[in-house]
Structure formats: structure tokens, C-alpha cells
Amino acid sequence: MNKLFKTLIILFLVILTTSCGNNFFKRSDVKDNPVNVEERVKRNIEEGKGVRFQNLLEGKSGGTFDFASSNELWRASVEILDFVPLTNASYSGGIIITDWFKGKNTSETDRQLKITVRFLSNEIRADALKVSVHEKKCIKLSSNCDINLIQSNVSEEIKLAILKKAALMERNDTKKKRKPYLGRTKPEK
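Attention here is on the structure that accompanies the text.

About the thresholds
- Residues numbered from 1 in each chain as written.
- Predicted model: local features only at pLDDT ≥ 70, side-chain atom pairs only at ≥ 80, totals over all residues.
- Heavy atoms only, no water.
- Helix = DSSP H or I, 4+ residues; strand = E, 2+ residues; numbered from the N terminus.
- Contact = heavy atoms within 4.5 Å.
- Areas by Shrake-Rupley, 256 points an atom, 1.4 Å probe, with all protein chains shown as cover.
- Disulfide = S-S within 2.5 Å.
- Buried < 20%, exposed > 50% of the residue type's maximum accessible area, 1.4 Å probe, protein only.

**Overview of the overall build of the chain**
- Each helix and strand in the chain was counted, giving five helices and six strands.
- The linear arrangement of helices and strands in the chain, starting from the amino end, is α-α-α-α-β-β-β-β-β-β-α.
- Within the chain, counting contacts between residues at least 6 apart in sequence, those at least 24 apart form 39% of the total.
- Summing over all exposed atoms, the chain offers an accessible surface of approximately 15500 Å²; the carbon and sulfur share of this is 56%.

**Brief notes about the state of the cysteines**
- Considering all chains together, one arrives at one disulfide under this definition.
- For Cys 138, the disulfide goes to Cys 145, at an S-S distance of 2.0 Å. The sign of the 110° torsion about the S-S bond sets the Cys 138-Cys 145 disulfide as right-handed.
- The class for Cys 138 is buried, based on a relative accessible area of 13%.

**Things to note about the environment of Asp 110**
- By secondary structure assignment, the location of Asp 110 is in strand S4 (residues 109-119).
- Since its relative accessible area comes to 17%, Asp 110 is described here as buried.
- In sequence terms Asp 110 and Lys 140 are 30 residues apart; their C-alpha atoms lie 6.4 Å from each other.

Bear in mind that shape data such as this cannot, by itself, settle questions of function.
Take a look at the structure:
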């Protein structure tokens, strides 16, 4: 039994390695590949086979990064939602999710709400945010819960409050950045 098992494994490995040989390694001719290094690099990059580190070596930056402290929409959203604990606040992911919190309770059900704010743009405009409010109703003395997205004025009111707060923050920030006019006269032309 042990000898048969070893033989099958060896046979399997031989078949596996010989079948991969034709697909894994490609034959290459000198006439198909340029001799000049620059041409080879250019061709490989065009085909998506290479990576260039030239920007890193020259000290160029790889991109622009906005931080949460400079984004008025983000700061306004965090301030508006400060009455409830946050489950997820991912600036790079562009989302804020609150924890479930108590809403209005009725006698036979326990009602909880969760607010989700998605950032679609960094600009302060009406279509830059998507605010969703979910409702969880649980029947008391039971583990049956029903979770639904609710369409109410609450999501629009939260969105409007965030946009107003962000606009005020942006206005105050630009006032701070402006240098006061110190009574200098304009140069004559």
C-alpha cells in the first residue's frame, strides 16, 4: 500500500512538471527581442511587464493626498454625528457608519437607527454626500428583528446640516487664510 502510494505521487509529479514546461517557459529568439536595453524597457512597459522607479529616484511625489483635517465635508460630518458612537469612520474609504442607537420606542417594539454617510466628492455640493438611515425593529421578548432602509426627512436633514456646517467651515478657513489689508496703496501703473 505504501509503495503504491509513493509510486502514484511520483507519477503525478512527473506528469505535473512535464505538462507545465510548455506553458510556463516561452521560447525566445534574439530577433524577437531588441538588443538595446532602452528599447527592451520601453517594449516591456508598453506590454505591461515592467515597473519604473524613475519618479521615486528623482524625488517626484507619487500623488496628492488630502487629509481629514483639511476636508470640510469630513470634519462637518464628524461634528454633526457626534451625538452617536461611530462604528466605522474611514476617510480613505469615504464612509462614516454610526453604531445602532435608540430611536423612539413603542410599547411592543424596540426601535434602533443607524446612519451611513458616503462621500462621493471632496467638493461642498449637494451631490457630494449620500446619507442613508437604517431602522432596526425588534419585537420585545423575542429575537426577531427587521432591518430596513427608511425613506424619511431625517437623511435629507442630516445631509443639509452637514453641507451647511461644511460651507461655514470653508468660509471661516478662507477668512483665516486671507491676509488683512493694512492700508497699503495700490501701485500706480
